[in-house]
Amino acid sequence: MRRVREDFPISNEVVYMNTAAISLKPVQVIDAMTEFMKGYEANGTVNFSDSLEGEVLENARCRISELIGCRSDDIALTTNTSEGINFVAHSIKFEHGNNVVTTDLEFPTVTYPWLKIAKEKGVEVRFALNRNGIVSVEDLEKLVDDNTRVIALSHVEYSSGQRFNLREVADLAHRHGAILVVDAVQSLGVIPLNVKRENVDALASAAYKWLLGPFGAGFVYMRKELYENVMPPFVGWRSNKEHEEYDPQKFTLPETARRFEYGGMPYTPIYGLTKAIEYIMSIGIENIREHVMNLTQKLIDGLNDLGAQILTPSNREQRAGIVSARFDKMDYDKIVEELAKNKIIVSKRMNALRISPHIYNVEEDVMKFVEAIKKVRK
Ligand SMILES: Cc1ncc(COP(=O)(O)O)c(C=O)c1O
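Residues numbered from 1 in each chain as written. Predicted model: local features only at pLDDT ≥ 70, side-chain atom pairs only at ≥ 80, totals over all residues.

**Re the domain arrangement of the protein chain**
Next, step 1: Taken domain by domain, the protein chain consists of domain 1 (2-17 + 284-377) and domain 2 (29-281).
Next, step 2: Once you take the C-alpha centre of each, domain 1 and domain 2 turn out to be 28 Å apart.
Next, step 3: Taken together, the 19 residues of domain 1 in the interface contact 17 residues of domain 2.
Next, step 4: Ranked by residue count, the leading element in the side of domain 1 that touches domain 2 is helix α11 (residues 285-305), at 5 residues. (Domains from an automatic or database assignment. Contact = placed C-beta atoms within 7 Å. Helix = DSSP H or I, 4+ residues; strand = E, 2+ residues; numbered from the N terminus.)

**Some thoughts on the nonpolar core**
Next, step 1: Residues Ile151, Leu180 and Tyr221 are the most contacted members of the largest nonpolar core, which totals 107 residues.
Next, step 2: At 8 residues, the largest contribution of residues to this core is made by helix α10 (residues 267-283).
Next, step 3: If you count residues domain by domain, this core takes at least three from each of domain 1 (2-17 + 284-377) and domain 2 (29-281).
Next, step 4: Setting aside residues up to four positions removed in sequence, Ile151 forms contacts with Val101, Leu140, Val144, Val169, Leu172, Ala173, Ala178 and Leu180. (Core = buried A, V, L, I, M, F, W, Y, C linked by C-beta atoms within 7 Å. Buried ≥ 20, exposed ≤ 12 C-beta atoms within 10 Å, placed from the backbone.)

**What to know about the packing of helix α3 (residues 50-68) against α10**
Next, step 1: Viewed as axis vectors pointing N to C, α3 and α10 meet at an angle of 35 degrees, and their least axial separation amounts to 9 Å. Crossing geometry of α3 relative to α10 is assigned as left-handed. Contacts between α3 and α10 involve Glu53, Val56, Leu57, Asn59, Ala60, Arg63, Ile64 and Leu67 from the first element and Tyr267, Ile270, Tyr271, Leu273, Thr274, Ile277 and Glu278 from the second.
Next, step 2: Taken together, the residues of the contact of α3 with α10 sort by class into 10 nonpolar, 2 polar and 3 charged. (Axes fitted to C-alpha atoms, helices over the stretch in contact; angles between N-to-C directions. Left-handed = near helix turned anticlockwise from the far one by under 90°. Nonpolar A, V, L, I, M, F, W, Y, C, P; charged D, E, K, R; others polar.)

**Structural notes on the site of the ligand**
Next, step 1: In the vicinity of the ligand, the residues found are Asn80, Thr81, Ser82, Phe107, Thr109, Ser154, Tyr158, Asp183, Val185, Gln186, Ala206 and Gly218.
Next, step 2: A class-by-class count of the residues in the shell around the ligand yields 4 nonpolar, 7 polar and 1 charged. (Near = placed C-beta within 6 Å.)

**Quick look at the environment of Asn12**
Next, step 1: Within the secondary structure layout, Asn12 lies in the loop between α1 (2-5) and β1 (15-16).
Next, step 2: C-alpha of Asn12 to C-alpha of Lys116: the two residues are 104 residues apart in sequence and 44 Å apart in space.

What follows is the structure, encoded as structure tokens:
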């Protein structure tokens, strides 16, 4: 991966292990977006046409569908994860007495759309409680019953780094006639994920974390049965199947998940997302996973030696690119600041240090981090 580091110039200046917040972006993606802006955005319709617009969007849907193993028709492009989860929540019909099961470890994006529905429709949101940063599937199961419509969780939890076995949770949901809705923003790009194999019903992500893409681009996958009869929450000129006719009286929704895309799109970020997925695929997700898993193992070993309490499961199957650690009597804000002064970039989350390396990191980065922690704790 040393060669790859050249694609991320700042990785020579700082030890950047904060992917779970915002990743570094490869020069290939930045250059492609710059070219796109110069060639198309700068020049109005001189170079940009309806057909090119369609091509940019369909290329993105195709790359995404290859990445997660679904039909491109089942993908709607969005600007972020939150938008995607809202589209899913909007598509589900709830009745009084239904419930949604989630965890107390979720990023608010995962729970707010259901809490909104809870306020509007008397639906109950049930939270499985973590024990030392981990939520067990058994604890989820205790909350699921035949009134459960949705289990909503992150593939990888943003604070603890716990990775769920999606197939197991999907089976649990399906046994009760519920669906599994997944936030994959902390896993896609580092963990191979196939929605068909895992039997996931809906999944949303943004580009700007492990996928190494830009702000302003994201997507949502939904099983066809979930969206085929749904009137989207927003509609606009692109909501019509034949939208290039611009007929203000004719309004026939596309049969595909494209029905959620209603107006002008963030073409440059979406183009950037396509290039980012191509970049990731050129390295190979399996290779990325191996590299990141080795780094996180080294991190766990180093932190253990320092006597830290590691919140992230040590088992490889239950973690991904995030390692979260607590120390006795540590002021995490101060430590994060001190580390940043030493050009080591990590975060504080859930009263712990969160370290999240990607392909731009090497073992030396982990060693530098461990040494720096030793020093700043003295
Ligand atoms: C699990 C999870 N979901 C979503 C987001 C961000 O949401 P959005 O893509 O809407 O900005 C984050 C950001 O930290 C996250 O950790």
